[in-house]
Amino acid sequence: MVRVYILRVTLALAVILLGRAPESRAAEGASVEQSITEAQIALRHRHYSQASRTLQDALARFPGNAQLRLELGRVYIYQRQDARATEIFRALLRDDPSNREAKLELARVLSYDKKYEPGNQLFREMLATNPNDEAAAIGLVRNLLVQKKTDEARREVEQALARHPNSLRLQEYRDDLLKNQLPLAASHEGNALSRLQADAQYFSDTAGNRATRAGQRFDLQLGRTFTNSFRLDEKSLWVSQGPKANVFSVNEEGRVRVARWLFIGGGGGIVRFADNSNRALYRGELILHPIQNLWVQGGFSRIPINPTFQSAQFDLLAEGWWARLDWQPRSWRVNADFSKQHYSDSNRTQREDALILRWLGNSHFAVGLGYQYAHSSFTQAFANGYFSPNQYHSHLGLGGFRFSIGKIYRGEYIADYGAETVDQNPYQIAWEATAKNRFLLGKLEMGADYSYFHLAQSTGAFRAQVGRASVACRF
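Everything quoted here is computed from the prediction, not taken from an experiment.

If you tally the helices and strands in the protein, you get 10 helices and 16 strands. In the protein, which comprises 475 residues, the proportion classed as buried is 42%. A separation threshold of at least 6 residues defines the contact pool for the protein, and within that pool the share at least 24 residues apart is 47%. Of the roughly 25,500 Å² of accessible surface on the protein, 57% is carried by carbon and sulfur atoms.

Here it is as structure tokens:
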């Protein structure tokens with residue numbers, strides 16, 4: 001009888017405990033979700049310490065809860081405590097190697113700390129498990145772009161877009177590749193990339209014209225829809241050892257992305273000529289990106305014209321329409337430009353330029369071959385210090401190479417050779433050679449370029465040389 005009684009009591013207790021277990025789990029789940037919701041609300045208001053305390057208190061009640069640990073790791077990222085966040089994510093993966101959220105967050109925090117290769121490995125593991133993982137594809141492409149592995153980034157972004165054709169972030173990364181620009185850097189707050197640049201240029205020709213130009217530029221990108229550019233330029237012009245004419249200009253421009261395929265830009269400024277007179281400058285443009293690799297631009301602008309010391313005495317401005325086509329399918333580069341302007345001295349000009357260039361090789365070394373055409377015409381041949389023939393044509397064949405040394409140096413050397421004619425005179429030999437050198441040191445980029453022209457210049461001379469140096473910092 002005693003055994004029967006003990007058995008009955010045991011069964012009763014078991015029934016009570018089993019009945020309460022689901023209730024206990026349900027209560028725990030509700031409390032965990034409530035804590036996570038409170039922490040996320042605090043995060044939205046940037047109350048990071050409050051979010052951290054809420055999750056830590058919840059973990060004291062429910063130690064080992066994976067979701068609470070994951071959310072706490074995310075809060076640590078916002079607090080810039082990457083080491084603590086990394087420790088949590090690694091611990092979660094030791095407990096459960098298949099935890100996708102922990103692996104994704106660990107890959108992201110490694111990328112924030114510029115540990116791109118370990119982050120890439122985790123992103124690739126996620127894609128191997130699930131090729132449709134859009135977040136992993138975005139993270140991998142972003143890292144490859146920041147590492148300047150453009151060939152790999154191009155392959156990955158095309159594969160990812162085939163699976164996620166409506167992904168705006170992937171489309172934006174592809175646009176970055178097509179425009180040969182660096183992508184957004186991995187950052188904790190997702191800030192856009194901005195650029196501060198200074199450059200200096202020296203020009204001389206066989207007619208004795210000399211010019212130096214110093215410029216500073218600040219580009220600021222706000223989100224993915226708006227960019228702003230501010231530029232200061234000072235130009236000094238003289239002939240041999242004669243007096244100098246100084247021209248100073250300020251320009252401010254903005255550009256808004258109103259759709260994935262449409263941008264609108266505009267800006268204004270002022271130019272101070274050598275006689276201290278001031279004139280307004282302005283610019284408006286419409287940019288279309290209708291299909292992959294193709295950009296079409298057009299607009300109306302007013303710009304100063306001062307290629308020589310003599311021209312600087314006339315306070316010349318050019319006002320008119322312009323258009324540009326830029327098509328860059330993979331290793332090809334095709335550009336075409338058109339402008340029609342009215343000069344302030346009553347002259348009128350029209351220009352057309354075209355360039356076709358094909359690169360054969362890879363990102364480490366490539367050989368380029370192409371063709372360049374230029375045409376310009378003026379209604380009058382004023383003696384106002386700028387080249388103004390009734391008709392000018394040039395046809396040049398292009399050849400050269402580009403190469404890179406590690407992640408530090410990029411070089412491009414190109415020579416153009418052909419013929420040119422002025423005012424229906426017989427064609428004469430024309431050529432030019434350009435050397436471009438880029439040095440990349442983290443966020444710092446330095447440039448040193450040199451060009452020699454055996455070709456008509458805007459000064460009217462047919463031989464000239466130009467040297468240019470620049471330094472830019474991205475942040």
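Time to look at the packing of helix α4 (residues 82-95) against helix α5 (residues 100-112). The contact between α4 and α5 brings their axes to 9 Å, and the two run at 150 degrees. The orientation of α4 with respect to α5, classified from their angle, is roughly antiparallel. In this structure, α4 crosses over α5, and the sense of that crossing is left-handed. Together, Asp82, Thr86, Phe89, Arg90, Leu92 and Leu93 of α4 and Ala102, Lys103, Glu105, Leu106, Val109 and Leu110 of α5 make up the contact between the two elements.

All right, on to the pattern of salt bridges then. Using the criterion set out here, one finds 25 salt bridges in the structure. Across the salt bridge formed by Arg74 and Glu105, the nearest N and O atoms sit 3.1 Å from each other. Linking Arg74 in helix α3 (residues 66-78) with Glu105 in helix α5, this pair joins segments that are 31 residues apart in sequence. The burial state of Arg74 is the same as that of Glu105; both residues are buried. With its nearest N and O atoms 2.6 Å apart, the salt bridge here joins Asp233 to Arg231. Residue classification places Asp233 among the buried positions, given a relative accessible area of 14%.

Once that is clear, we can look at a nonpolar patch on the surface. A grouping of Val256, Val258, Trp261, Ile264, Leu286 and Leu288 is seen on the molecular surface, where their side chains present a nonpolar patch of about 490 Å² in accessible area. If you list the elements that add at least two residues to the nonpolar patch, you get β4 (245-259) and β6 (278-288). Position of Leu288 among the secondary structure elements: in strand β6. Leu288 sits in the partly exposed class, given a relative accessible area of 30%.

This next bit is on the packing of aromatic side chains. Overall, the coordinates contain 15 aromatic pairs when judged by the stated rule. Ring centres of Phe263 and Trp295 lie 5.8 Å apart, and the angle between their planes is 40 degrees; this geometry places the pair in the tilted category. Placement of Phe263 in strand β5 (residues 262-272) and of Trp295 in strand β7 (residues 294-304) is noted, with a sequence separation of 32 residues between them. Residue classification places Phe263 among the buried positions, given a relative accessible area of 9%. On the basis of an interplanar angle of 10 degrees and a centroid distance of 6.5 Å, the ring pair of Tyr282 and Phe300 is categorised as stacked. Of this pair, Tyr282 sits in strand β6 while Phe300 sits in strand β7, placing them 18 residues apart in sequence. Every member of this aromatic cluster is reached through a ring pair, and the members are Phe365, Phe401, Phe403, Tyr409, Tyr413 and Phe439. If you follow Lys244 out to its NZ or CZ, it ends over the ring of Trp238, 4.5 Å from the centre.

By the element assignment, Ser388 lies in the loop between β11 (365-378) and β12 (392-405). Residue Ser388 is classed as buried on the basis of its relative accessible area of 9%. Residues in contact with Ser388, not counting those within four places in the same chain, are Asn347, Phe378, Gln380, Ala381 and Phe382.

Another point: the pairing of β11. Here strand β10 (residues 348-361) runs beside β11; their pairing, made up of 13 bridges, is antiparallel. Paired with Ile356 across the strands is Tyr371, a residue of β11. Once β10 ends, the chain turns through three residues before running back antiparallel as β11. The pairing of β11 with β12 spans 12 bridges and is antiparallel. Residue pairing for β12: Gly368 is matched across the bridge by Gly400.

Before going further, it helps to spend a moment on the nonpolar core. The biggest cluster of nonpolar side chains holds 45 residues, and the ones touching the most others in it are Leu55, Leu68, Phe89, Leu106, Val157 and Leu170. Those residues in contact with Leu170 that sit more than four places away from it in its chain are Ile138, Val141, Val157, Ala160, Leu161 and His164. Residues Leu237, Ala245, Phe273 and Val422 belong to the second largest nonpolar core, which totals 20 residues.

With that out of the way, let us pick up the confidence of the model for the protein. Residues at a pLDDT of 70 or more form 90% of the protein, whose mean pLDDT is 85. This model gives residues 11-23 a pLDDT under 50, and the stretch forms zero contacts once residues within four places in sequence are excluded.

So, about unusual backbone geometry. With a phi angle near 65 degrees, Lys114 is a residue other than glycine that sits in the positive phi range. Structurally, Lys114 can be placed in the loop between α5 and α6 (116-129). Notably, Ser240 is not glycine yet its phi reads approximately 50 degrees, a positive angle. Mapped onto the elements, Ser240 comes out in the loop between β3 (226-239) and β4.

Another aspect to go through is α6. Between its first and last C-alpha atoms α6 spans 20 Å; for 14 residues at 1.5 Å apiece the expected length is 20 Å, and the two agree. Of the positions making up α6, those classed as buried are Tyr116, Gly119, Asn120, Leu122, Phe123, Met126 and Leu127. Down the axis of α6, the sector holding all buried residues measures 165 degrees, keeping them to one side. Of the exposed residues in α6, those oriented more than 90 degrees away from the buried face are Gln121, Ala128 and Thr129. Where α6 is buried, its residues contact α5 and α7 (134-146).

Rules behind the numbers
Residues numbered from 1 in each chain as written. Predicted model: local features only at pLDDT ≥ 70, side-chain atom pairs only at ≥ 80, totals over all residues. Heavy atoms only, no water. Helix = DSSP H or I, 4+ residues; strand = E, 2+ residues; numbered from the N terminus. Buried < 20%, exposed > 50% of the residue type's maximum accessible area, 1.4 Å probe, protein only. Contact = heavy atoms within 4.5 Å. Areas by Shrake-Rupley, 256 points an atom, 1.4 Å probe, with all protein chains shown as cover. Axes fitted to C-alpha atoms, helices over the stretch in contact; angles between N-to-C directions. Parallel < 35°, antiparallel > 145°, perpendicular 65-115°, else oblique. Left-handed = near helix turned anticlockwise from the far one by under 90°. Salt bridge = Lys/Arg side-chain N within 4 Å of Asp/Glu carboxyl O. Patch = residues over 30% accessible without salt bridge, like charges linked within 9 Å, V, L, I, M, F, W, Y side chains within 5 Å. Phe/Tyr/Trp six-rings, centres within 6.5 Å; stacked < 30°, edge-to-face > 60°. Lys NZ or Arg CZ within 6 Å of the ring centre and 35° of its normal. Pairing = 2+ DSSP bridges. Core = buried A, V, L, I, M, F, W, Y, C linked by side-chain atoms within 4.5 Å. pLDDT = per-residue confidence, 0-100. Expected span 1.5 Å × (residues − 1). Arc of directions from axis to C-beta.

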